[in-house]
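What follows is the residue order along each chain.
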Amino acid sequence: AFVGAALHYQSGGETAGTVDREKLEYTIDGSMRGDGWNAFAYFVGRSDEAGASSFDDFGIVAQGGAFLTDTVEVFGRYGIVLPDDSRASGDDFAEATIGVNYYVLPQSHACKLTVDATYFFDDTVGSSSVVNQRVGDGLLTDGEDGQISLRAQLQVVF
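Residues numbered from 1 in each chain as written. Predicted model: local features only at pLDDT ≥ 70, side-chain atom pairs only at ≥ 80, totals over all residues. Heavy atoms only, no water.

A short note on the pattern of salt bridges
- In this structure the tally under the stated criterion is four salt bridges.
- D57 is the partner of R46 in a salt bridge, and the nearest nitrogen-oxygen pair spans 2.9 Å. Of the two residues, R46 is situated in strand β3 (residues 37–50) and D57 in strand β4 (residues 53–67); the sequence distance between them amounts to 11 residues.
- When the shortest N-O distance is used, the salt bridge between R87 and D57 registers 2.7 Å. One end of the pair, R87, is in the loop between β5 (72–82) and β6 (93–103); the other, D57, is in strand β4, and 30 residues separate them in sequence. Pair check on accessibility: R87 and D57 agree, each one buried. (Salt bridge = Lys/Arg side-chain N within 4 Å of Asp/Glu carboxyl O. Helix = DSSP H or I, 4+ residues; strand = E, 2+ residues; numbered from the N terminus. Buried < 20%, exposed > 50% of the residue type's maximum accessible area, 1.4 Å probe, protein only.)

If you want it as structure tokens, here you go:
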């Protein structure tokens, strides 16, 4: 089992006509691995104050996986972004993924094929203050709920 945390703070100060800005970003994460299974989760947060505006945004991701054989692993993941309610386009944005990893060599990440499907529950326009188009994940800018992305990836380490 592993647990980690990180903290970042910065202040822009008031210089040459700029707005004083303070930002605090933080995360805590953990992972566990057992006999044929694994799980991890993380929480991230951001507090951003610039002049009269102030935002507090959060995100959570949880994933678990299990080996069916020495070379086949199934996994599922859920993630949600929780923007500050005072943002102009600050609706929550959630997604869920299911997938399978095929390890060409048992117990080795040297060559791995991943195939997964992600369902994006919410539209991107309603949460565009913190969620942007992600072409690599198949997420496009859209005003309607319910996008689906199918993805395949071959990873080779040498």
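More follows now that the structure is in view.
Points about the packing of aromatic side chains
- In this structure the tally under the stated criterion is seven aromatic pairs.
- Ring geometry for F67 versus Y103: centroids 5.6 Å apart, planes at 35°, classification tilted. One end of the pair, F67, is in strand β4; the other, Y103, is in strand β6, and 36 residues separate them in sequence.
- Residue class for F67 comes out partly exposed when judged on its relative accessible area of 36%.
- Y103 gets classed as buried once you look at its relative accessible area, which sits at 5%. (Phe/Tyr/Trp six-rings, centres within 6.5 Å; stacked < 30°, edge-to-face > 60°.)

Observations concerning the layout of surface pockets
- As a volume, the largest pocket reaches approximately 700 Å³.
- N38, F67, E73, Y103 and H109 are, among the 31 residues lining the largest pocket, the residues nearest its centre.
- For the lining of the largest pocket, the secondary-structure elements that each account for two or more residues are β2 (21–33), β3, β4, β5, β6, β7 (111–120) and β8 (147–156).
- Taken together, the residues of the lining of the largest pocket sort by class into 10 nonpolar, 13 polar and eight charged. (1 Å grid on protein atoms, 1.4 Å probe; cavity = no way out; pocket = protein on both sides within 12 Å on 5 of 7 lines; lining within 4 Å. Points joined across faces, edges and corners; volume = space filled by probe spheres on them. Nonpolar A, V, L, I, M, F, W, Y, C, P; charged D, E, K, R; others polar.)

Focus: the sheet that holds β7
- In spatial order, the strands read β1-β2-β3-β4-β5-β6-β7-β8; together these eight strands make up an open sheet with antiparallel pairing. On the outer flanks of this sheet lie β1 (2–11) and β8, each paired with one strand and no other. Across the sheet, the mean angle separating the axes of adjacent strands is 10° when strand polarity is ignored.
- Pairing geometry for β4 and β5, over 10 bridges, is antiparallel. Paired with Q63 across the two strands is R77, which belongs to β5. (Pairing = 2+ DSSP bridges. Axes fitted to C-alpha atoms, helices over the stretch in contact; angles between N-to-C directions.)

As for a nonpolar patch on the surface
- A contiguous nonpolar surface patch, about 1100 Å² in accessible area, is contributed by L68, V74, V100, Y102, V104, L105, L113, V115, L154, V156 and F158.
- Mapped by element, the contributors of at least two residues to the nonpolar patch are β6, β7 and β8.
- Position of V74 among the secondary structure elements: in strand β5. (Patch = residues over 30% accessible without salt bridge, like charges linked within 9 Å, V, L, I, M, F, W, Y side chains within 5 Å. Areas by Shrake-Rupley, 256 points an atom, 1.4 Å probe, with all protein chains shown as cover.)

As for the environment of I98
- Residue placement: I98 occurs in strand β6.
- Sequence spacing of I98 and T118 is 20 residues, and the spatial spacing of their C-alpha atoms is 6.7 Å.
- Sequence-distant contacts of I98, that is, excluding residues within four places in its chain, are made with F75, G76, V115, D116 and A117. (Contact = heavy atoms within 4.5 Å.)

Side note on the pairing of β6
- Pairing of β5 with β6 involves 10 bridges; the strand directions are antiparallel. Across the sheet, the residue bridging to G76 is I98, located in β6.
- Both β6 and β7 contribute to a ladder of nine bridges, which runs antiparallel. Directly across from N101, in β7, lies its bridge partner T114.

All we've got here are geometric facts, nothing functional implied.
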